[in-house]
Amino acid sequence: QLQLVESGGDSVQAGGSLTLSCVASGDSISNYCMTWNRQAPVKEHESVATIDIDGNMGEKTTYADSVKGRFTISRDFGRTTLYLQMNDLKLEDAAMYYCAAAIRCDWLETHGNWGQGTQVTVSS
């Protein structure tokens, strides 16, 4: 069974950068749709970035408008670790960040595997 463990969350000043990692075990992630998601107090859950296999056996990525141009999702060559590179962090980026995986992107909410999360705090 696929297991995911996030790390890299920290307290950072606005305008700074941070890289989150999600290490997978128990299964290969090479054929999974994977996402980074976040949840902040009193705010709705938000999917911020997605990486998936395209029809040419490559990878495609998508981003929420709120992070486009600042965040980058990727995975390593061995396909065991998912990353989220976050640049120019803003106060509204503070949240608990979770990685998730599923065979299909539209199965994430009901059949996805989720990590326990890592906390990101942004201060002025």
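See the structure printed just above.
Scoring rules and cut-offs
Residues numbered from 1 in each chain as written. Predicted model: local features only at pLDDT ≥ 70, side-chain atom pairs only at ≥ 80, totals over all residues. Heavy atoms only, no water. Disulfide = S-S within 2.5 Å. Helix = DSSP H or I, 4+ residues; strand = E, 2+ residues; numbered from the N terminus. Buried < 20%, exposed > 50% of the residue type's maximum accessible area, 1.4 Å probe, protein only. Pairing = 2+ DSSP bridges. Axes fitted to C-alpha atoms, helices over the stretch in contact; angles between N-to-C directions. Core = buried A, V, L, I, M, F, W, Y, C linked by side-chain atoms within 4.5 Å. Contact = heavy atoms within 4.5 Å.

A. Broad picture of the state of the cysteines. In total, this model carries two disulfides according to the counting rule given. Bridging Cys22 to Cys99, the disulfide has an S-S length of 2.0 Å. Here the S-S torsion is close to 60°, and the disulfide linking Cys22 with Cys99 is therefore right-handed. With Cys22 in strand E3 (residues 18-25) and Cys99 in strand E9 (residues 95-102), the pair connects residues that are 77 residues apart, well separated along the chain. Cys99 sits in the buried class, given a relative accessible area of 0%. Between the sulfur of Cys33 and that of Cys105 lies a disulfide, 2.0 Å long from S to S. Between Cys33 and Cys105, the S-S torsion sits near 100°, and that sign places the bridge as right-handed. Taken as a pair, Cys33 in strand E4 (residues 33-39) and Cys105 in the loop between E9 and helix H1 (108-111) lie far apart in primary sequence, 72 residues in all. Given a relative accessible area of 32%, Cys105 falls into the partly exposed group. For the chain, the disulfide bridges join cysteines in the arrangement 1-3, 2-4, where the cysteines are counted in sequence order.

B. How the structure looks around the sheet that holds strand E8 (residues 81-86). Spatial strand order, E1-E3-E8-E7: four strands in an open sheet with antiparallel pairing. Taken across any chain shown, the strands that pair with only one partner, and hence form the sheet edges, are strand E1 (3-7) and strand E7 (71-75). Averaged over all pairs of adjacent strands, the angle between strand axes in this sheet comes to 15°, irrespective of strand direction. Two strands pair when backbone bridges link them, and E3 and E8 are joined in this way by six bridges, in the antiparallel orientation. Each bridged residue has a counterpart across the sheet, and for Ser21 the counterpart in E8 is Tyr83.

C. Spatial organisation of the nonpolar core. Ranked by internal contacts, the top residues of the largest apolar core, which has 29 residues, are Trp36, Leu84, Met86 and Tyr97. Secondary-structure elements contributing two or more residues to this core are E3, E4, strand E5 (46-53), E7, E8, E9 and strand E11 (118-123). Once residues lying within four places of it in the same chain are set aside, the contact partners of Met86 are Gly16, Ser17, Leu18, Leu20, Arg70, Phe71, Tyr97 and Val120.

D. Focus on the side chain of Asp93. For Asp93, the location among the structural elements is in the loop between E8 and E9. Asp93 gets classed as buried once you look at its relative accessible area, which sits at 0%. Ignoring any residue separated from it by four or fewer positions in sequence, one finds Asp93 in contact with Arg38, Arg70, Phe71, Asp88, Val120 and Val122.

E. Summary view of the environment of Gly15. Structurally, Gly15 can be placed in the loop between strand E2 (11-13) and E3. Between the C-alpha atom of Gly15 and that of Asp54, which follows or precedes it by 39 residues, the distance is 33 Å. Ignoring any residue separated from it by four or fewer positions in sequence, one finds Gly15 in contact with Asp88 and Leu89.

F. Quick peek at the environment of Ala64. Secondary-structure assignment places Ala64 in the loop between strand E6 (59-63) and E7. In the structure, Ala64 is positioned 18 residues away from Glu46 in sequence and 8.3 Å away in space, judged by C-alpha atoms.

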